[in-house]
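A structural walkthrough
Here are the chains, one letter per residue:
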Amino acid sequence: MNWWRLIKMRHLLVAALCAAWVDGRASWREISANGTWPQSRHSHSAILDADGRMVLFGGNAFDPTNDLFTFDVSRAEWTRRKPAVGAAPSKRYGHSTALLRDGRILVFGGFNGTFLNDVHLLTLGETDADSQWELLSTSGDPSGRDGHSTVIAPDGLTLLLFGGYDGEQQLSDVHALDIRTGVWTLLDPLAGVAPPARCLHVAQPCTAGMLVHGGFVEEGDEDARFGDLWQLKLLGRAADGTGAPTDGGESAAPSVEWVELQAEAIASHPACSPPPP
């Protein structure tokens, strides 16, 4: 699987448009799609699954929702999905999703009047009868939040969480969730520069960990918007892409450090290459 092709789309407009390269230039075209369309919404999640379907979950459609849709790109068709096994996550928006290497989709956090920190796993088969939701039992949970980011580390077994908003302030904390054990660990990046607290940023996995761009923070009576680019480098477990601890400790959390990437250095930076397939 080519992990670099996994695209997170946050707006229904993007869900209804397709980008293509024509003569070396990007172009947009609107898709005429069949099937059962989702209601207009914002602050939902969308992710490409292992079968090439776009999976859309939740969002704010005047009120929080927890409906689930798939979009078959090859057939240009929307389908409303209702997995037969397990209970769906509560209604929410501002949550995040991530695709595990075994094909399951992980949903974390969000807001529905309460800031959430629960973790749900979705197994999506061809039919609702062979699809299921599962609530993952976790410990060491981070605070509930929305507007955060999550990506899967190169080992395919660790979820990395950064930032967000908890109802009181924007956040800059970094947490790692071991998918196998359900244990959350607050990571303490090595001393040095670190991105300011923020929410509503975007993040993508890269060979060495995670790239974070942009975001928003409230500063007194004024708001600040970021245009910076940061790399969270994994130095311990999860950094070698095998899932095996590099320090010999079976449950050791990865060591991490932040590096701010400058425009003139990005093109040749080795950490900016796509993750391995």
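Up top is the structure these notes are about.
In short, a report on the structure. Since this is a predicted model, take the numbers as computed values, not measurements.

1. Remarks on the environment of L261
Among the structural elements, L261 can be located in the loop between β19 (256-260) and α2 (263-266). The buried category is assigned to L261, whose relative accessible area is 8%. Put simply, L261 and W230 are 31 residues apart on the chain and 5.7 Å apart in space, counted from C-alpha to C-alpha.

2. As for the sheet that holds strand β10 (residues 115-123)
Read across the sheet, four strands follow the order β8-β9-β10-β11 without closing on themselves; strand pairing throughout is antiparallel. Of all the strands in the sheet, just β8 (96-99) and β11 (132-135) have a single pairing partner and so form its edges. If you compare each strand with its neighbour and ignore which way they point, the axes differ by 25° on average. Of the strand pairs in this sheet, strand β9 (residues 105-111) and β10 are connected by six bridges, and their pairing is antiparallel. The partner of F111 across the bridge, within β10, is F115.

3. Quick look at empty space enclosed by the protein
Using the criterion set out here, one finds two cavities of 30 Å³ or more in the structure. Considering only enclosed or pocket space, the second largest cavity measures out at about 40 Å³ in volume. Around the second largest cavity sit S45, I47, V55, F57, L68, T97, I105, V107, L122 and W133, which together line it. At the level of secondary structure, the elements contributing two or more residues to the lining of the second largest cavity comprise β4 (45-48), β5 (53-60) and β9. Its residues assigned to classes, the lining of the second largest cavity comprises eight nonpolar, two polar and no charged.

4. Thoughts on the pairing of β5
Extensive coverage of β5 is indicated by the burial of eight of its eight residues. In sequence, β4 turns back onto β5 through a hairpin of four residues, with G52 there showing a positive phi of about 80°. Here seven bridges tie β5 to strand β6 (residues 64-72), and the two strands are oriented antiparallel to one another. Residue pairing for β6: L56 is matched across the bridge by F69.

What counts and how
Residues numbered from 1 in each chain as written. Predicted model: local features only at pLDDT ≥ 70, side-chain atom pairs only at ≥ 80, totals over all residues. Heavy atoms only, no water. Helix = DSSP H or I, 4+ residues; strand = E, 2+ residues; numbered from the N terminus. Buried < 20%, exposed > 50% of the residue type's maximum accessible area, 1.4 Å probe, protein only. Pairing = 2+ DSSP bridges. Axes fitted to C-alpha atoms, helices over the stretch in contact; angles between N-to-C directions. 1 Å grid on protein atoms, 1.4 Å probe; cavity = no way out; pocket = protein on both sides within 12 Å on 5 of 7 lines; lining within 4 Å. Points joined across faces, edges and corners; volume = space filled by probe spheres on them. Nonpolar A, V, L, I, M, F, W, Y, C, P; charged D, E, K, R; others polar.

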